[in-house]
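# Per-entry structural report
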Amino acid sequence: VSFPSVTKSVTVINKSATVPLVVHFASRQNPNVMNARRYISLEGSDAAMTFAVKCKEIWVSTAASGSLTGSFEMLAELTPIQTEYNLSGSTAVAGP
């Protein structure tokens, strides 16, 4: 899910009674996500988690790879910060 602006918080609710979901902040294709268990599991209907996090996107997928289909609801509180805002770069600091 990509947001129109940076979030302040995101709540994800699993609406599937039989399909566990995982919530992560990088694509499942990244080997560190599933192999290193860098996700939060939501098992059972109405299992929910609120993340107080500033992000521009979040991933929700089934816990097992394959063709399982789950469902979820999401509530996001947005900031006025645009997702294109870039904090990278260098700053020179003058010494004494």
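Below: a short report on this structure. Keep in mind that this is a model prediction, so the values were computed, not measured.

### Here's the deal with the overall build of the protein chain
For the protein chain, the helix and strand inventory stands at 1 helix and 6 strands. Tracing the protein chain from N to C terminus, the helices and strands come up as β-β-α-β-β-β-β. The 96 residues of the protein chain split such that 26% are buried. Accessible area of the protein chain: about 6,500 Å², with a carbon and sulfur share of 53%.

### Considering the environment of Lys-15
Counting through the fold element by element, Lys-15 comes out in the loop between strand E1 (5-14) and strand E2 (21-24). Note: C-alpha distance between Lys-15 and Ser-45 (30 residues apart in sequence) is 4.9 Å. If we skip the residues at most four places from it in the chain, Lys-15 touches Ser-45, Asp-46, Ser-71, Phe-72 and Glu-73.

### Focus: the sheet that holds strand E6 (residues 72-82)
In spatial order, the strands read E4-E1-E6; together these 3 strands make up an open sheet with antiparallel pairing. Strands at the two margins of the open sheet, each flanked by one partner only, are strand E4 (48-51) and E6. Across the sheet, the axes of successive neighbouring strands diverge by a mean angle of 10°, strand direction being ignored. As judged from the 8 bridges shared by E1 and E6, these two strands associate in the antiparallel manner. In the sheet register, Val-10 faces E6, and the bridge partner there is Ala-76.

Definitions and cut-offs
- Residues numbered from 1 in each chain as written.
- Predicted model: local features only at pLDDT ≥ 70, side-chain atom pairs only at ≥ 80, totals over all residues.
- Heavy atoms only, no water.
- Helix = DSSP H or I, 4+ residues; strand = E, 2+ residues; numbered from the N terminus.
- Buried < 20%, exposed > 50% of the residue type's maximum accessible area, 1.4 Å probe, protein only.
- Areas by Shrake-Rupley, 256 points an atom, 1.4 Å probe, with all protein chains shown as cover.
- Contact = heavy atoms within 4.5 Å.
- Pairing = 2+ DSSP bridges.
- Axes fitted to C-alpha atoms, helices over the stretch in contact; angles between N-to-C directions.

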